[in-house]
Structures are given as structure tokens and as C-alpha cells.
Amino acid sequence: MPVKIAPSILSADFARLGEEVRTVDEAGADWIHIDVMDGQFVPTITFGPLMVEAVNRSTDLPLDVHLMIVEPERYINQFIEAGADWITVHIEATEKIYRIVEAVHSANRQIGVSLNPDTPVEILRQYLSEIDLVLVMSVYPGFGEQEFIPSALEKIRTLVKMRAEAGAEFLISVDGGVNESNAHSIVQAGADILTAGSSIFKTENPALAVENLRKAVESR
Ligand code: DX5
Ligand code: ZN
């Protein structure tokens, strides 16, 4: 399966959000990544279901909603109704992973589980056959424009092994500090999806940034 590119709108210009989303869509992005932050699980507050709805009106691409909120089970249905296709929750933020998996699957959407940089991948072992995606955080969540933490590469390799051992099929996505220079090694480690905010939207030409990220993955 070709690597997917998921631009994160956290670094987009919210005053021109529809235009920003359409630009990366036309440039060949595969998903739109939407970072929901509650000021509790992470220090920042961003946006909620209304933003997901607005993005949904701007594109037909799958919406990949990354919930950095405590007790995400309280809001799953709202995000589904708003148009989320993929919903990712943090393992550190809930004790109700099975309940969330059931809620998301019964609405025919896909469920992801994310891990902070200090959380070991082993914690996911019992869920691997139930989930559709693992989101490896390669920065501490809460902010864009941070530097990629290299230990994420080892986590990706471990997840690839665990996936084979379990006969599971989840996708591996990587989020934080992804750019043209490290994309190739992240994909070589086994990532299926590259999530990137600032290296796309904080450039002069976001469309070109998407194309260059794609080239960086495919070349060499
Ligand atoms: C960070 C968010 C990321 C963020 C990545 O908490 O989950 O999706 O947008 O931004 P960059 O690509 O700038 O590290
Ligand atoms: Zn994210």
C-alpha cells in the first residue's frame, strides 16, 4: 500500500481554512488530520466537532480526527456526527478502549489509538486485533513545530513486529516533526501514514510541500 500523507490543519491559516484544505487535497494529500485539544490532556485548546463539520464541507478526503482530550468516550458520537472517518484516542486518556472501539465500529468508522512518546507500545498488545490504526506520537502532543523524537522509529519497528505476530492489520501513523528530511527513514521503519503540520502549512507553498513529502518517500 502506498504511504498516505495526512496534512494536519493545526498549522493552517484558520482564516482561510477551506482554501488551505482544498490546496492540499488538490496536491494529492490522502487524509486531513484534525487535532482536537481540550486544555486538560494537553495544555492547548483548539477546536471541536464544529470544526470537523466545516472541514468536511471543504473536502471529500477522509477526516482523521486526533482526540487529545480526557475521557474521549464522552464525545465519540459528536465527532462521528460531525463527519469524522477515523477517530484516534489516546491510551493515556481513557480506561474505556473496548467501549470506544465498539461505538466507532458500530457507526462504520475506523478507530485509532495513540501513544505519547513515553508510553511503551506493549500497552497496546491486548487491543491490536480490535483497532484499525496506531498513531505513534513523535513529539509530546499539544503543539506543532516541535522536533521529531528519534526513538519513535524503534516504536514503529516494534509495532510492525507485533502486528505480524498478532496477525493484525492496523495501520501505523506517525505524528510530530515529520518533514522531507526524515520522511524516508520513518517509512523505512514501517510507517503507513505520515502526519505533518508545519512542514506543509508553514511553508510558502503547501501544495509543493505535499508533493515534496511524497517524493522524499518514494525516492532513494
Ligand atoms: C501535535 C499534533 C500534531 C501536530 C504536528 O500535538 O498532534 O498533529 O499538528 O505538527 P508538526 O508536524 O508541526 O510537528
Ligand atoms: Zn495530531
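Caption draft 1: Representation of the coordination of the zinc ion (ligand 2). Protein coordination at the zinc ion (ligand 2): the donors are H33 (NE2), D35 (OD), H66 (ND1) and D175 (OD), at 2.0 to 2.3 Å from the metal. Its six donor atoms give the zinc ion (ligand 2) angles of 71 to 169° at the centre, a pattern that matches the octahedral case. Sequence positions of the donors to the zinc ion (ligand 2) reduce to the motif H-x1-D-x30-H-x108-D. Remark: D175 occurs in strand β7 (residues 171–175) and H33 occurs in strand β2 (residues 32–37); sequence separation between them is 142 residues. The class of D175 is buried, set by a relative accessible area of 9%.

Caption draft 2: The sheet that holds strand β1 (residues 4–7), seen in detail. The strand order across the open sheet built from eight strands is β1-β8-β7-β6-β5-β4-β3-β2, with neighbouring strands paired in parallel fashion. The sheet terminates laterally at β1 and β2, the two strands that pair on one side only. Strand-to-strand twist of the sheet, defined as the mean angle between neighbouring strand axes without regard to direction, takes the value 25°. Against the sheet, helix α4 (residues 97–106) engages β4 (86–90) and β5 (110–115), with an angle of about 150° to β5.

Caption draft 3: Local environment of helix α5 (residues 151–166). With 16 residues, α5 extends 23 Å from end C-alpha to end C-alpha; this agrees with the ideal 22 Å at 1.5 Å per step. For α5, the set of buried residues is A152, L153, K155, I156, L159, M162 and R163. Each element contacted by the buried residues of α5 is listed here: β5, β6 (133–137), β7 and α6 (183–189). Positive phi shows up at G167, right after α5, with a value of about 60°.

Caption draft 4: Highlighting the layout of surface pockets. Its volume calculated, the largest pocket comes out at about 270 Å³. Among the secondary structure elements, those contributing two or more residues to the lining of the largest pocket are β2, β8 (193–196) and α7 (198–201). Across the lining of the largest pocket, the residue classes break down as ten nonpolar, twelve polar and four charged.

Caption draft 5: The pairing of β4, seen in detail. Among the five residues of β4, five are classified as buried, and the element is accordingly described as predominantly covered. Alternating residues of β4 divide into W86, T88 and H90 and I87 and V89, and every residue in both groups is buried. Bridge analysis of strand β3 (residues 63–68) against β4 gives four bridges, and the strand direction is parallel. Within the sheet, the bridge partner assigned to V65 lies in β4 and is I87. Running through helix α3 (residues 76–82), the crossover from β3 to the neighbouring parallel element β4 is right-handed. As defined by bridge partners, β4 adjoins β5 across five bridges and the pair is classed as parallel. Bridged to W86 within β5 is Q110. Between the parallel elements β4 and β5, the chain passes through α4 in a crossover that is right-handed.

Reading guide: rules and limits
Residues numbered from 1 in each chain as written. Chains lettered and ligands numbered in written order. Predicted model: local features only at pLDDT ≥ 70, side-chain atom pairs only at ≥ 80, totals over all residues. Heavy atoms only, no water. Donors = N, O, S within 2.8 Å, 3.2 Å for Na, K, Ca; no water. Tetrahedral: all angles 85-135°; square planar, octahedral: opposite > 155°, others 65-115°. Helix = DSSP H or I, 4+ residues; strand = E, 2+ residues; numbered from the N terminus. Buried < 20%, exposed > 50% of the residue type's maximum accessible area, 1.4 Å probe, protein only. Pairing = 2+ DSSP bridges. Axes fitted to C-alpha atoms, helices over the stretch in contact; angles between N-to-C directions. Contact = heavy atoms within 4.5 Å. Expected span 1.5 Å × (residues − 1). 1 Å grid on protein atoms, 1.4 Å probe; cavity = no way out; pocket = protein on both sides within 12 Å on 5 of 7 lines; lining within 4 Å. Points joined across faces, edges and corners; volume = space filled by probe spheres on them. Nonpolar A, V, L, I, M, F, W, Y, C, P; charged D, E, K, R; others polar. Right-handed = clockwise from strand over helix to strand, strands pointing away.

As far as function goes, none of this settles anything; it's purely spatial.
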